[in-house]
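# Per-entry structural report
Residues per chain are reported as follows:
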Amino acid sequence: MARTVIIETHGGPEALVLVDRDVGAPGPGEIRIAHKACGLNFIDVYQRDGLYKLPLPAALGMEAAGIVEAVGEGVTHLSPGDRAAYACQPPGAYAEARVMPAAQVCRLPDGISFEEGAAAMLKGLTVDYLFNRTTPIAKGDWVLFHAAAGGVGLIACQWARSEGINLIATAGTDEKCQMALDHGAAHAINYREGDFAPRVREITGGRGVHVVMDSVGKDTFEGSLDSLRPLGMMISFGAASGPVPPLNIMTLAAKGSLKITRPTIFTHIADHATCQEMAARLFGKIASGKVKIEVGQRYPLEEVAEAHRALEARRTTGSTVLTL
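Everything in this summary refers to the structure shown in the same document. Model, not experiment: these values are computed from the prediction.

Here we come to the sheet that holds strand β4 (residues 58–59). Read across the open sheet, the three strands follow the order β2-β1-β4; overall the sheet is antiparallel. Across the chains shown, the open sheet's two edge strands, defined by having one partner strand only, are β2 (16–21) and β4. Note that strand β1 (residues 2–7) and β2 share six bridges and pair antiparallel. In the strand pairing of β2, A2 is matched with R21.

Per the stated rule, a full pass over the model turns up three aromatic pairs. With centroids separated by 5.1 Å and ring planes inclined at 65°, the aromatic side chains of Y46 and Y52 adopt a geometry described as edge-to-face. Judged by its relative accessible area of 7%, Y46 falls in the buried class. Residue classification places Y52 among the partly exposed residues on the basis of a relative accessible area of 31%. Pairing F145 with F237 gives two aromatic rings, centres 6.0 Å apart and planes at 55°, and the pair type is tilted. One end of the pair, F145, is in strand β9 (residues 142–145); the other, F237, is in the loop between β13 (228–236) and α7 (250–254), with 92 residues separating them in the sequence. The pair F145 / F237 is uniform in exposure class, with both members buried. An aromatic cluster of at least three residues, connected via ring pairs, comprises F42, Y46 and Y52. It is R83 that lies over the ring of F114; its NZ or CZ is 4.5 Å from the centre.

This structure, assessed with the given rule, holds 15 salt bridges. Close ionic contact of R281 with D128 constitutes a salt bridge, the shortest N to O distance being 2.5 Å. Placement of R281 in helix α9 (residues 272–288) and of D128 in helix α2 (residues 114–132) is noted, with a sequence separation of 153 residues between them. Via salt bridges that share partners, R3, E96 and E302 belong to a single interconnected network.

Below, the discussion takes up the nonpolar core. One recurring pattern in soluble globular proteins: nonpolar side chains tend to sit buried together. Of all hydrophobic cores here, the largest spans 85 residues; its most connected members are I31, M121, F131, F145, L167 and M213. Take this core: its biggest share by element is eleven residues, from α2. With sequence-adjacent residues up to four places away left out, F131 is seen in contact with I137, A156, W159, A160, I165, L167 and M213. If you look at the next biggest cluster of nonpolar residues, it comprises 16 residues, including F196, F221, L225 and L228.

Attention now moves to the packing of α2 against helix α3 (residues 151–163). Across the interface, α2 lies against α3 with an axial gap of 9 Å and an inter-helix angle of 45°. On the basis of the axis angle, α2 is oblique to α3. Remark: the crossing between α2 and α3 carries right-handed chirality. Each of K123, G124, T126, V127, D128, F131 and N132 in α2 lies in contact with α3, whose residues at this interface are G151, V152, I155, A156, W159 and A160.

The next thing to look at is the packing of α3 against α9. Relative orientation of the contacting elements α3 and α9 amounts to 85°, with a least axis distance of 12 Å. Classed by the angle they form, the pair α3 and α9 counts as roughly perpendicular. Where α3 abuts α9, its residues W159, S162 and E163 lie against R281, L282 and K285. Broken down by class, the residue content of the contact of α3 with α9 amounts to two nonpolar, one polar and three charged.

As a further point, take the sheet that holds β13. With parallel pairing, six strands are arranged side by side in an open sheet as β11-β10-β9-β12-β13-β14. Of all the strands in the sheet, the pair left with one neighbour each is β11 (187–190) and β14 (259–261). Ignoring strand direction, the axes of neighbouring strands in this sheet form an average angle of 15°. Strand direction decides the pairing type here: β13 and β14, joined by three bridges, are parallel. Paired with I235 across the bridge in β14 is T261. Those strands touched by helix α5 (residues 196–203) are β9, β10 (166–171), β11, β12 (209–214) and β13, and its axis lies near 160° from that of β11.

What counts and how
Residues numbered from 1 in each chain as written. Predicted model: local features only at pLDDT ≥ 70, side-chain atom pairs only at ≥ 80, totals over all residues. Heavy atoms only, no water. Pairing = 2+ DSSP bridges. Helix = DSSP H or I, 4+ residues; strand = E, 2+ residues; numbered from the N terminus. Phe/Tyr/Trp six-rings, centres within 6.5 Å; stacked < 30°, edge-to-face > 60°. Buried < 20%, exposed > 50% of the residue type's maximum accessible area, 1.4 Å probe, protein only. Lys NZ or Arg CZ within 6 Å of the ring centre and 35° of its normal. Salt bridge = Lys/Arg side-chain N within 4 Å of Asp/Glu carboxyl O. Core = buried A, V, L, I, M, F, W, Y, C linked by side-chain atoms within 4.5 Å. Contact = heavy atoms within 4.5 Å. Axes fitted to C-alpha atoms, helices over the stretch in contact; angles between N-to-C directions. Parallel < 35°, antiparallel > 145°, perpendicular 65-115°, else oblique. Left-handed = near helix turned anticlockwise from the far one by under 90°. Nonpolar A, V, L, I, M, F, W, Y, C, P; charged D, E, K, R; others polar.

Quick look at the structure:
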């Protein structure tokens, strides 16, 4: 049996329930993993509140690190006793242990702690696809990144610096702006002090940025489009403030033949070899010291509801992990 967080109905943090579940043995293509730490992400909130609906009852959590206890038939890249980490479907990472598909589980290097692994996978692989797999970004290009003091944002600031990319960060307090600067952002804007788009234009000499990476959604979408230069790319990869309203496609033409995409990490990591390649690139950044994983908050598994409240209230910095 393993303590597991589930929801029986969509709703607020109070919908999170801790239950005992039988773990069982792995079948073909599966592993059983005992978790040491679990990551917390906004996708967990979207699944809990019903923005992303799940068949109920449902276990939650998309990211964790731990020790492989057993492997099923056909699993060759992992063995019992391996340190491992993952960010993948199906949900169920908020648990002491689970059986799950093995293809997107990655061997965790010895130099990376379980907490770092649990905090790095979904956020770090997201940053990898944003910078390496979505649109060409060259050294010296300008990128606008919202919510830059969060778990994904702090990795993105460091990643951009390591690649010679000029990242303009936005955040909601001066302290968070300074944190983004300390992690590699070229400039930082406190969006609570006014419209960020004119400031972006000022920083870029009136031209705008090549790429916007926006996980905030409704509240920043229009300003993000107004921050792009002609032929720029808008990457909308989250909706922390709510879903983006329907878009008239002619708006993109009027604002300079803009491009827009709504990617998800799970499309990018669906292929086993690609996922392992992306993880190796992320682990290389961490091992080199170019990217440091900041664990800003830790909550025991039984306090998962409070962790969700803090995330939704934007009271967190860096990554949050659930400890076991």
